[in-house]
Protein chains: 2
Amino acid sequence: MDRVDKILSQWQRERPDLDVEAMAILGRLKRLTTHLGREVEQVLLQHGLSSSAFDVLATLRRSGKPYRLSPGDLLAMTMVSSGTMTNRIDQLEKAGFVERVLNPDDRRSVLIALTENGFAAVEATVGAHVANQQRLIENLSDEDKAALDALLRKFLAKFE
Amino acid sequence: MDRVDKILSQWQRERPDLDVEAMAILGRLKRLTTHLGREVEQVLLQHGLSSSAFDVLATLRRSGKPYRLSPGDLLAMTMVSSGTMTNRIDQLEKAGFVERVLNPDDRRSVLIALTENGFAAVEATVGAHVANQQRLIENLSDEDKAALDALLRKFLAKFE
DNA sequence: AGCATTTATCTTGACGTCAAGACATATCAT
DNA sequence: ATGATATGTCTTGACGTCAAGATAAATGCT
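Bear in mind that the values here come from a model prediction, so they are computed numbers and not experimental data.

The rules behind the values
- Residues numbered from 1 in each chain as written.
- Chains lettered and ligands numbered in written order.
- Predicted model: local features only at pLDDT ≥ 70, side-chain atom pairs only at ≥ 80, totals over all residues.
- Heavy atoms only, no water.
- Contact = heavy atoms within 4.5 Å.
- Salt bridge = Lys/Arg side-chain N within 4 Å of Asp/Glu carboxyl O.
- Polar contact = N/O pair within 3.5 Å; in protein donor to acceptor, adjacent residues only side chain to side chain.
- Helix = DSSP H or I, 4+ residues; strand = E, 2+ residues; numbered from the N terminus.
- Nonpolar A, V, L, I, M, F, W, Y, C, P; charged D, E, K, R; others polar.
- Axes fitted to C-alpha atoms, helices over the stretch in contact; angles between N-to-C directions.
- Parallel < 35°, antiparallel > 145°, perpendicular 65-115°, else oblique.
- Near = heavy atom within 4 Å.

1. Remarks on the interface of chain A and chain B
Part 1 of the argument: At the junction of the two partners, chain A supplies 67 residues and chain B supplies 67 residues.
Part 2 of the argument: Our enumeration of links across chain A and chain B arrives at 15 salt bridges.
Part 3 of the argument: Between Glu138(B) and Lys158(A) there is a salt bridge, and its shortest N-O distance comes to 3.3 Å.
Part 4 of the argument: Summed over the shared surface of chain A and chain B, the result is 25 residue pairs in polar contact (both at pLDDT 80 or more).
Part 5 of the argument: Those elements that provide at least two residues to the side of chain A that touches chain B are α1 (3–14), α2 (21–46), α3 (51–62), α4 (71–78), α6 (116–136) and α7 (142–157) of chain A.
Part 6 of the argument: Top element by residues in the side of chain A that touches chain B is α2(A). It accounts for 17 residues.
Part 7 of the argument: For the side of chain A that touches chain B, a count of residues per class yields 31 nonpolar, 10 polar and 26 charged.

Written as structure tokens, this is what we have:
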């Protein structure tokens, strides 16, 4: 009887006609992701990066040398709107973690380049971040983790 | 090879020392919840309610007669901060969906009461909302749904 | 070549969220 | 009783996000 069960039982009492099976799954997913997001953010903030800043820096870092992508590329990889990406890049540029470099091949476009400081910030953070992610799933068994990942993959396939 | 697999393989190439198992699960969870949240919001907006507005109205509705809870009660049930709840109540009060009623038992406190219009708004929306939730999970088999729900329950237990 | 369309990025204005702290009232300990 | 502490709600200021549209350059069509 967790919190989601309480919500479901309230609906059952008030609206017994509603089928709440889907609500259970979506409710647990949402609550879980909220908790996980907060835990992840805590560790990143301890290293001086917001989740959204880390999201961009990590995308550039894992793209490999020369650690440059256009805003459009970043957009396609990060599930945010173009306005949000402009804002993120502005913040990171102010902080000195990225630079806007003119794209010689297309003057509409620009390349976002990780600076030395930006590279260093990712490298100083990603280890603790990954360790934290491992901690967050540690109460699942190996079988649970494999089963959960497989189910999420199947579920996610409907949307992307 | 979904989008999360692409991210993992980039990390593998750039940082083969990192164990990305946890990143896979948390990444799929986050992407999935983002997609689901957008789908849910679309349907609610078609009925004139934001997700956050529906969240409060539905909490009052399923609490049963007389459809009144204190801001603190609402807070405890909805995973938001007190400032956020004040803001939500302000919006709903302006829209005429709830009223602030003085609590005779504790003058620090106030009760948030669903108005007739607020009740009607929930009742007009909840059916489509639940149907939409069912649609969103329809590509999972019955066994998948049961297994996923069980895993999420176990995972969530670590946090609440 | 020249015009229309498409692509890439940025701007604007609105919203939802939070942490920290302010304020009023209630409760507790003596 | 009364002073200290706890509780309940609201305020403030800062962020992150989005949709819609503005701007500029590239591409395609004739």
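2. Digging into the packing of α3(A) against helix α5 (residues 82–94) of chain A
Residue and element names in this part refer to chain A.
Part 1 of the argument: Running from N to C, α3 and α5 cross one another at 90°; their axes reach a closest spacing of 10 Å. Between α3 and α5, the angle is such that the two are roughly perpendicular. From α3, Ser52, Ala53, Asp55, Val56 and Leu57 reach across to α5, where they touch Met85, Arg88 and Leu92.

3. As for the protein's contact with DNA strand D
Part 1 of the argument: Taken together, 22 residues lie around DNA strand D, and Arg88(A), Arg38(B), Gly72(B), Ser82(B) and Arg108(B) are the ones closest in.
Part 2 of the argument: Of everything in DNA strand D that lies within 4 Å of the protein, sugar and phosphate atoms constitute 71%.
Part 3 of the argument: Within the side chain of Arg88(A), an N or O atom sits 2.6 Å from a phosphate oxygen of DNA strand D.
Part 4 of the argument: Within the contact set of DNA strand D, a phosphate oxygen lies 2.5 Å away from a backbone nitrogen or oxygen of Gly72(B).

Shape descriptors only; they carry no functional weight alone.
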